[in-house]
Structure formats: C-alpha cells, structure tokens
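Observations on the three-dimensional arrangement
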Amino acid sequence: MVKVGSVAKAIVSGVAAGTASLVVAMGDSVIEAGEWVTVALAVLGALGVTYAVPNAAQSAQRHLR
C-alpha cells in the first residue's frame, strides 16, 4: 500500500518544479514547443525522483532534533 505522504510530497514537488520552469519559460511572454517539453520534463523528473526517495524513519527524525 502506498503511503499518502510519499505521494503528496511527489505531487507538491512536481507542481513546484512545473511552476518554476513555466515562470522561466514565460520570461519573453511566449512559450514555444521546446519550453513546454522542458516544463513536462521538470514535472516528470521531480515526480519520479521525489517518489523514489523514501521518507526518513521516525527514529531518525527524533535523533536529528
């Protein structure tokens, strides 16, 4: 079963990466096909990498405080 936290953090990172790359792409007020590809790759990359990295264990989080 998939934990909600790992899916939620992946979605948030995908939205953040997509938004950041879209803001950069709109710097000249025109978004071309290559820039859409960059936005899509940023979203997919952020989703994949963030989903693949596990959350820290509870004991490790307490130890770091």
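The following paragraphs examine the structure supplied in this document.

Rules and cut-offs
Counting from 1, residues in each chain are numbered in the order their sequence is written. Two thresholds apply to this predicted model, a pLDDT of at least 70 for residue-level local features and 80 or more for giving and counting side-chain atom pairs, whereas whole-chain, interface and lining totals are computed over all residues. Note that water and hydrogens are dropped before the side-chain values are worked out from all heavy atoms of the structure. Secondary structure follows DSSP: runs of H or I at least 4 residues long count as helices, runs of E at least 2 residues long count as strands, and numbering of each begins at the N terminus. Between buried and exposed lies partly exposed: a residue is buried under 20% and exposed over 50% of the maximum accessible area for its type, with that area taken using a 1.4 Å probe on protein chains only. Two residues qualify as a contact provided that any one of their heavy atoms is within 4.5 Å of a heavy atom in the partner residue. Within this analysis, patches are made of residues with over 30% relative accessible area and no salt bridge. Like charges are joined at 9 Å or less; nonpolar side chains (Val, Leu, Ile, Met, Phe, Trp, Tyr) at 5 Å or less. For the area figures, the Shrake-Rupley method with a 1.4 Å probe applies, and any residue is considered shielded solely by the protein chains shown. Every case where a carboxyl oxygen of Asp or Glu lies within 4 Å of a side-chain nitrogen of Lys or Arg is listed as a salt bridge.

**Regarding the overall build of the chain**
- The number of helices and strands found in the chain is three helices and zero strands.
- Going from the N terminus to the C terminus, the chain shows its helices and strands as α-α-α.
- The buried share among the 65 residues of the chain stands at 15%.
- Put simply, 71% of the contacts in the chain that link residues at least 6 apart link residues at least 24 apart.

**A short note on a nonpolar patch on the surface**
- A grouping of Val 7, Ile 11, Val 15 and Tyr 51 is seen on the molecular surface, where their side chains present a nonpolar patch of about 350 Å² in accessible area.
- Among the elements that line the nonpolar patch, the one with the most residues is helix H1 (residues 4-25), at three residues.
- Mapped onto the elements of the fold, Tyr 51 is located in helix H2 (residues 33-52).

**Quick look at unusual backbone geometry**
- Even without being a glycine, Ser 29 presents a positive backbone phi close to 65 degrees.
- Mapped onto the elements, Ser 29 comes out in the loop between H1 and H2.

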